[in-house]
Amino acid sequence: MTRTIAAGALLVAACAAPRPAAAPMLVAPRRAPADPLLIVEGAPQQGGLLRGMAFGGEVTLDGAPVAVASDGRFVIGFDRDAGPSAMLAITAPDGTRKERPLTVLPRAWAIERVDAPYRAGRTSAEFEALRPAELAAIAAARALRTDAQGWRQMLRWPASGRLSGRFGAQRVYQGKPGGYHSGDDVAAPVGTPVTAPADGVVIFAADRPFTLEGNLLLIDHGMGLNSALLHLSRIDVRSGDIVRQGQVVGAVGRTGRVTGPHLHWSLQWRGAKLDPSLVAGPMR
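Residues numbered from 1 in each chain as written. Predicted model: local features only at pLDDT ≥ 70, side-chain atom pairs only at ≥ 80, totals over all residues. Heavy atoms only, no water.

Caption draft 1: Examining the overall build of the protein more closely. A tally of helices and strands in the protein yields two helices and 22 strands. When burial is assessed residue by residue, the protein has 50% of its 284 residues classed as buried. Counted over contacts in the protein with a minimum sequence separation of 6, partners at least 24 positions apart contribute 71%. Split by element, the accessible area of the protein, about 13700 Å² in all, is 54% carbon and sulfur. (Helix = DSSP H or I, 4+ residues; strand = E, 2+ residues; numbered from the N terminus. Buried < 20%, exposed > 50% of the residue type's maximum accessible area, 1.4 Å probe, protein only. Contact = heavy atoms within 4.5 Å. Areas by Shrake-Rupley, 256 points an atom, 1.4 Å probe, with all protein chains shown as cover.)

Caption draft 2: Focus on the sheet that holds strand β14 (residues 193-195). Spatial ordering of the open sheet is given by β14-β20-β18, a layout of three strands whose pairing is antiparallel. Pairing within the sheet leaves two strands with one partner each, and these edge strands are β14 and β18 (234-235). In the sheet, β18 pairs with strand β20 (residues 248-251) via two bridges, with the strands oriented antiparallel. Bridge pairing links Arg234 to Ala251 in β20. (Pairing = 2+ DSSP bridges.)

Caption draft 3: Quick look at the packing of aromatic side chains. Per the stated rule, a full pass over the model turns up four aromatic pairs. Relative to Trp265, the ring of Trp157 lies with its centre 5.3 Å away and its plane at 75°, an arrangement referred to as edge-to-face. Of this pair, Trp157 sits in the loop between α1 (125-142) and β10 (162-165) while Trp265 sits in strand β21 (residues 262-269), and the two are 108 residues apart along the sequence. Across the pair, exposure class does not vary: Trp157 and Trp265 are buried alike. (Phe/Tyr/Trp six-rings, centres within 6.5 Å; stacked < 30°, edge-to-face > 60°.)

Caption draft 4: Molecular detail of the sheet that holds strand β11 (residues 170-173). Pairing in this open sheet of three strands is mixed, and the strands run β9-β11-β12 from one edge to the other. In this open sheet, the two edge strands, each paired with only one partner strand, are β9 (111-114) and β12 (176-177).

Caption draft 5: How the structure looks around unusual backbone geometry. For Gln174, which is not a glycine, the phi torsion comes out positive at approximately 45°. Tracing the backbone through its elements, the reader meets Gln174 in the loop between β11 and β12. A positive phi is found at Arg270, a non-glycine position, where the angle reads about 50°. Secondary-structure assignment places Arg270 in the loop between β21 and β22 (272-274).

Caption draft 6: Main features of the nonpolar core. Membership of the largest hydrophobic core comes to 49 residues, with the highest contact counts inside it found for Ile76, Phe78, Leu217 and Leu229. Element by element, the count of residues in this core is highest for β21, at four residues. Ala141, Ile203, Leu216 and Leu230 belong to the second largest nonpolar core, which has 10 residues in total. (Core = buried A, V, L, I, M, F, W, Y, C linked by side-chain atoms within 4.5 Å.)

Caption draft 7: View of the side chain of Ser277. Take Ser277: it is sitting in helix α2 (residues 276-280). Residue classification places Ser277 among the buried positions, given a relative accessible area of 10%. Here the side chain of Ser277 touches Asp184 through a polar contact of 2.5 Å, side chain to side chain. (Polar contact = N/O pair within 3.5 Å; in protein donor to acceptor, adjacent residues only side chain to side chain.)

In structure tokens, the structure reads:
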């Protein structure tokens, strides 16, 4: 069971380290306080994910309800291009509302400026015909909500190897920004096992290679947090399957639009694109 939250008397505990070595352990009061209480572990930053606990009220982030588990725990995320501030709020059952502004730390992204005109990339009649349906399938899958509990875990890298592409990297063509890299690329040989980053439910398993993503797998970790695993050589699970952290779900490939074998791993929380390196920590 989950519920949504909005704003009341509120306490935020910020941790100096932006990337904890293990999942935060929030200590709950023995009983819910008389006034609403909100505890958040970590410092908000672009591409980051924070864990928290709420008591005695409903919570919102920038006015949008945040799903909260029956034990009061929740997660919130900040997009790569999140603005410098956000508003976290909690509302008591009697309607009392208190707000807490959050300062979102900026990140230094790898920006390459190219003295050449922007080009949208290679297209073809086949691409133009297939792409709308592919995008609609991805959007529909990400709109699904499950009771998965993987959001409670410290996420793990789904594969090991050289980081050949980093989240947030972007080219600017004569002043016109191109799209930024939405995940991290792990270069590894075709056939290298790919595992689930956290417990979850498979919300999409492509039955054919997509034009850009190739063999695509989407796993919902609950509370709006989901993983996308791209360019797979094979997919070992099906839509609706329950997967456990560390379970092999496929293998590295070079399907879709790629220049070599690698796994592209991207994370989203309610549509906000997150940095896998920040959320999962250093690759081990």
